[in-house]
Amino acid sequence: DKKVRIFTFSVGQHNYDKGPIKWMACNNKGYYYEIPSIGAIRINTQEYLDVLGRPMVLAGERAKQVQWTNVYLDALELGLVITGTLPVFNLTKDHNGHKNLLILGVMGVDVSLEDIKRLTPHFTLCPNGYYFAIDPNGYVLLHPNLRPENPKFQEPVTLDFLDAELENEIKVEIRNQMIDGKSGERTFATLIKSQDERYIDKGNRTYTWIPVNGTDYSLALVLPPYSFYYIKAKLDETILQAKYTETLKFDNFDETGYTFIAPREYCKDLKISDNNTEFLLNFNNYIDQKTPNSNSCNTDMVHRVLLDAGFTNELVQYYWSKQSLTGVLSRFVVTDGGITRVYPESAGRNWTENPETYEDSFYKRSLDNDIYVFTAPYFNNAEDGDYESGIMVSKAVEITVDGKLLKPAVVGIKIDVNSWMGNFTRATTKSPCKSEICDCEADSMQVDCVILDDGGFLLMSNQGDYIRQIGRFFGEIDPSLMRKLINVSLYAFNKSYDYQSVCDPGREPTQDAGPRSLYVPTIADILNLGWWASAAAWSILQQVFWSLTFPRLLEAVDYEDQDVSAVLSKQSCITEQTQYFFENSNKTFNGVLDCENCSRIYHAEKLLETNLVFIIVDSKKTCLPCDSRPLIQAEQPSTGPDPCTLVQNPRHRKGPDLCFDDNSLENYTDCGGVSGLNPSLWFMVGIQLFLLWLLSGSRHCPW
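These numbers come from a predicted model, not from an experiment.

1. Structural notes on the overall build of the protein chain
Part 1: Along the backbone of the protein chain there are 22 helices and 26 strands.
Part 2: Restricting to contacts in the protein chain with at least 6 residues of sequence separation, those with at least 24 account for 62%.
Part 3: Accessible surface, the protein chain as shown: approximately 39300 Å² in total, 54% of it carbon and sulfur.

Shown next, in the form of structure tokens:
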């Protein structure tokens, strides 16, 4: 009952006894080769695969099962694909009547992940609902977080489900059951990373999973409690369709507000564009010519977007147009059907959010929170931040139909920072001031007053030099105070790793990889005339083939290397992400921040019905920071988790159900001998001379 196969070979001419090494192969289900020169090792040893494949061929129909690969980038530019393969056997008989037991190869089919996504009802799951699939190793092949930053030159993607989401014990159990081919359903509270990866929210999710028939994959559906049902619009009246379509015309934006439409495949022959102006023109022209009920259109999607266009226009006409804009830069509404309407029109021209509402971070966060969500502008992407664009405040619209909860839209405003700061300091300052400390007086020397959001980003302060830092993580502004807020459990944080990042190459020396087909000869090989003969013949034969088939190939290679070098300057890497969030529901926190020679008294209060916390603390100017090392929230390059820790808690993975490594019907008597390719030296020299003559003659032939 031997479980290990031994393959042996000898190279070149020699006088020692070859019997023992052949015996080792023949008595261990292996194969023995006598190879004439070192240059033929690769060709001959590849035939070991025929021996290893015998048990699979003998297994017959049991071995003819489709095997599916991990996700990888297709060479024909089909994007990310998976491949299903099936072995092809040679069962013919040779001249001696013995049946061949050879694997001829495999046949396969590529399945694009984009094609799979088109078959799924993505826009009826709501923005926070999604599906995913994993293989027996726990690697995802479908998941909204499977998005390599530069997949064109990366290796096959192996993103584990527990790395695609924030891990907890229930998700580990779900992953194990999916790998084992079980089905089930669980509803539980979990941490959710925001679309822009700056925030973490707490929400309930229902996971439902089931194995995929005929494969070793498992599929799961994830839904929040407000997405079990969706609105199915039905606009059969032509007059109503035309009325709502008019609100999407550019000529009416002055009255209706600037409107964006999500770039979705509403109709098969509607040209999609990332440019909203172009896509909106295409959509309007298409609807005018073919009507929303065209057979080539997804009627449900078209009717829904027109319905959303209608009610958002009424919101502008009956409410927003009659309200003052003092202190407010804009009002907006974003809908599940794909409409974003911004009022007034001038504010919409500077709108930078994603027109695809299912990809808007603030929109998805608002759905998961029953409060007013303040979103800090981005700071790390610009030197002075983006505070002039305003601070976004949003809240989900909730409706209940027959006891069924729906959240079809999010409404909000953008606050002018300067107006808010003026109101903030006036509301928190004693008037008239009769002492040194007048609460949150502008540019106070004694007190710092700040408002942070639940991610620890600065939204407001009484200090003028803080205003240009709105949107910056507070751990970089006042590290000592931020560490104290973490220690008293006002904030908690979560660290995770992104295995799909792309970074600039480091300064560490790297070993350049040469062509895999190149063999570096040893001194013994150089002295071996037989090696030189076979190597030269093969080299000349390659040159003849390429010169006859692609005469300008070598010139083209130089140009391709130059074009690709810029892209290849990036390399795959691991980055570390840290997100902060409110750890508990406590509303009030206070204490003393002690340093060596001074201390700072602080008081923090969470603001009701918002994701904000107001903090008043002795000014940094009165006490030098205890620890000036900044807390960095932004993504940073990392070496990844400690491998020793990972080994202590290995993740469940499942090997193949069938392993074809042995069969009682296998004939082990054919275990090798002299290689069939053993030409004489004079024959090899003759081939060289002929190829040299052929090559020199081809250069004189006119092309």
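The rest of the description comes next.
2. Some points on the state of the cysteines
Part 1: One pass over the full model with this rule turns up four disulfides.
Part 2: Residue pairing for Cys 267: its cysteine sulfur links by disulfide to Cys 297, the two sulfurs lying 2.0 Å apart. Classification of the bridge connecting Cys 267 and Cys 297 rests on its S-S torsion, roughly 95°, and on that basis the disulfide is right-handed. You can see Cys 267 sitting in the loop between strand 12 (258-261) and helix 10 (276-290) and its partner Cys 297 sitting in the loop between helix 10 and helix 11 (299-318), a full 30 residues away along the chain. The same class applies to Cys 267 as to Cys 297, namely buried.

3. As for helix 8 (residues 238-246)
Each α-helix turn comprises 3.6 residues. Residues three or four places apart therefore point the same way.
Part 1: Where helix 8 is concerned, the buried positions are Gln 241, Tyr 244 and Thr 245. Around the axis of helix 8, the buried residues are gathered within 105° of arc, so they sit on the same side. Opposite the buried face of helix 8, at more than 90 degrees from it, the exposed residues are Ile 239 and Lys 243.
Part 2: Next to the buried residues of helix 8 lie helix 10 and helix 11.

4. Quick look at the packing of aromatic side chains
Part 1: Under the criterion given, the structure shown has 23 aromatic pairs.
Part 2: Each ring, one from Trp 68 and one from Tyr 217, has its centre 6.2 Å from the other, and the planes form 50°; the classification is tilted. Here Tyr 217 lies in the loop between strand 10 (200-211) and strand 11 (218-223) and Trp 68 lies in strand 3 (residues 67-68), a separation of 149 residues in the sequence.
Part 3: With a centroid separation of 6.0 Å and 25° between ring planes, the pair formed by Phe 374 and Trp 420 is classed as stacked. Here Trp 420 lies in helix 14 (residues 417-427) and Phe 374 lies in strand 15 (residues 373-375), a separation of 46 residues in the sequence.
Part 4: One aromatic cluster is present, built from ring pairs that chain together Tyr 130, Phe 132, Phe 161, Phe 188 and Tyr 207.
Part 5: Over the aromatic face of Phe 457 sits the side chain of Arg 198, whose NZ or CZ is 5.1 Å from the ring centroid.

5. Things to note about the sheet that holds strand 16 (residues 391-401)
Part 1: Judged by pairing direction, the sheet is antiparallel, and its six strands sit side by side in the order 12-14-13-17-16-15 without closing on themselves. The two strands at the open ends of the sheet, each matched to only one other strand, are strand 12 and strand 15. Shown here is a sheet whose adjacent strand axes are inclined to one another by a mean of 20°, direction ignored.
Part 2: Sheet topology places strand 13 (residues 328-335) next to strand 14 (residues 339-343); four bridges connect them, and they run antiparallel. The residue of strand 14 that forms the bridge with Val 334 is Thr 340.
Part 3: Contacting strand 13, strand 15, strand 16 and strand 17 (404-415), helix 13 (residues 361-368) runs over the sheet at an angle of about 130° to strand 17.

6. Notes on the nonpolar core
Part 1: Of all hydrophobic cores here, the largest spans 44 residues; its most connected members are Leu 452, Met 460, Leu 485 and Tyr 491.
Part 2: In terms of nonpolar packing, the next biggest core, distinct from the first, is built from 36 residues, Leu 235, Ile 287, Val 302 and Met 392 among them.

7. Observations regarding the confidence of the model for the protein chain
Part 1: Here the protein chain shows a mean pLDDT of 82. Residues at 70 or above account for 83%.
Part 2: In the predicted structure, residues 507-538 sits below a pLDDT of 50 and forms 23 contacts with residues beyond four places in sequence or in another chain.
Part 3: pLDDT under 50 marks residues 543-564. Its contacts with residues more than four places away, or in other chains, come to nine contacts.

8. Thoughts on the packing of helix 8 against helix 11
Part 1: Axis separation between helix 8 and helix 11 bottoms out at 8 Å; the angle between their running directions is 65°. For helix 8 against helix 11, the interelement crossing comes out left-handed. Between helix 8 and helix 11, the residues in contact are Gln 241, Tyr 244 and Thr 245 and His 303, Leu 306, Leu 307, Ala 309, Gly 310 and Glu 314, respectively.
Part 2: For the contact of helix 8 with helix 11, the per-class residue count stands at four nonpolar, four polar and one charged.

9. Overview of the pairing of strand 17
Walk down a regular strand and you will see the side chains alternate between the two sheet faces.
Part 1: As defined by bridge partners, strand 13 adjoins strand 17 across seven bridges and the pair is classed as antiparallel. Its bridge partner lying in strand 17, Arg 331 is registered against Ile 413.
Part 2: Where strand 16 and strand 17 come together, 10 bridges link them in antiparallel fashion. Following the sheet pairing, Met 392 is matched in strand 17 by Lys 414.
Part 3: Remark: two residues form the turn of the hairpin made by strand 16 and strand 17, two consecutive strands paired antiparallel; Asp 402 in that turn has positive phi of roughly 55°.

10. Things to note about the environment of Ala 427
Part 1: Within the secondary structure, Ala 427 sits in helix 14.
Part 2: Residues Ala 427 and Asp 439, spaced 12 residues apart in sequence, show a C-alpha to C-alpha distance of 9.8 Å.

11. Things to note about the pattern of salt bridges
Part 1: As enumerated under the stated definition, the model contains 26 salt bridges in all.
Part 2: With a closest N to O distance of 3.0 Å, Glu 165 and Lys 171 form a salt bridge. Comparing Glu 165 with Lys 171, the two get one shared label, buried.
Part 3: Overlapping salt bridges bring together Asp 160, Asp 163, Glu 167, Arg 175, Arg 651 and Arg 653 as one network.

12. Concerning the sheet that holds strand 8 (residues 140-142)
Pairing between the strands of a sheet comes from backbone hydrogen bonds, and it takes one of two forms, parallel or antiparallel.
Part 1: Spatially, 8-7-11-10-9 is the arrangement adopted by the five strands of the open sheet, whose pairing is antiparallel. Of all the strands in the sheet, the pair left with one neighbour each is strand 8 and strand 9 (184-193). With strand direction ignored, the average angle separating the axes of adjacent strands in the sheet is 35°.
Part 2: The pairing of strand 7 (residues 130-134) with strand 8 spans two bridges and is classified as antiparallel. Across the sheet, residue Ile 134 finds its bridge partner in strand 8, namely Val 140.
Part 3: Each of strand 7, strand 9, strand 10 and strand 11 is contacted by helix 7 (residues 169-179), which is oriented at about 135° to strand 9, the strand it contacts most.

Rules and cut-offs
- Residues numbered from 1 in each chain as written.
- Predicted model: local features only at pLDDT ≥ 70, side-chain atom pairs only at ≥ 80, totals over all residues.
- Heavy atoms only, no water.
- Helix = DSSP H or I, 4+ residues; strand = E, 2+ residues; numbered from the N terminus.
- Contact = heavy atoms within 4.5 Å.
- Areas by Shrake-Rupley, 256 points an atom, 1.4 Å probe, with all protein chains shown as cover.
- Disulfide = S-S within 2.5 Å.
- Buried < 20%, exposed > 50% of the residue type's maximum accessible area, 1.4 Å probe, protein only.
- Arc of directions from axis to C-beta.
- Phe/Tyr/Trp six-rings, centres within 6.5 Å; stacked < 30°, edge-to-face > 60°.
- Lys NZ or Arg CZ within 6 Å of the ring centre and 35° of its normal.
- Pairing = 2+ DSSP bridges.
- Axes fitted to C-alpha atoms, helices over the stretch in contact; angles between N-to-C directions.
- Core = buried A, V, L, I, M, F, W, Y, C linked by side-chain atoms within 4.5 Å.
- pLDDT = per-residue confidence, 0-100.
- Left-handed = near helix turned anticlockwise from the far one by under 90°.
- Nonpolar A, V, L, I, M, F, W, Y, C, P; charged D, E, K, R; others polar.
- Salt bridge = Lys/Arg side-chain N within 4 Å of Asp/Glu carboxyl O.

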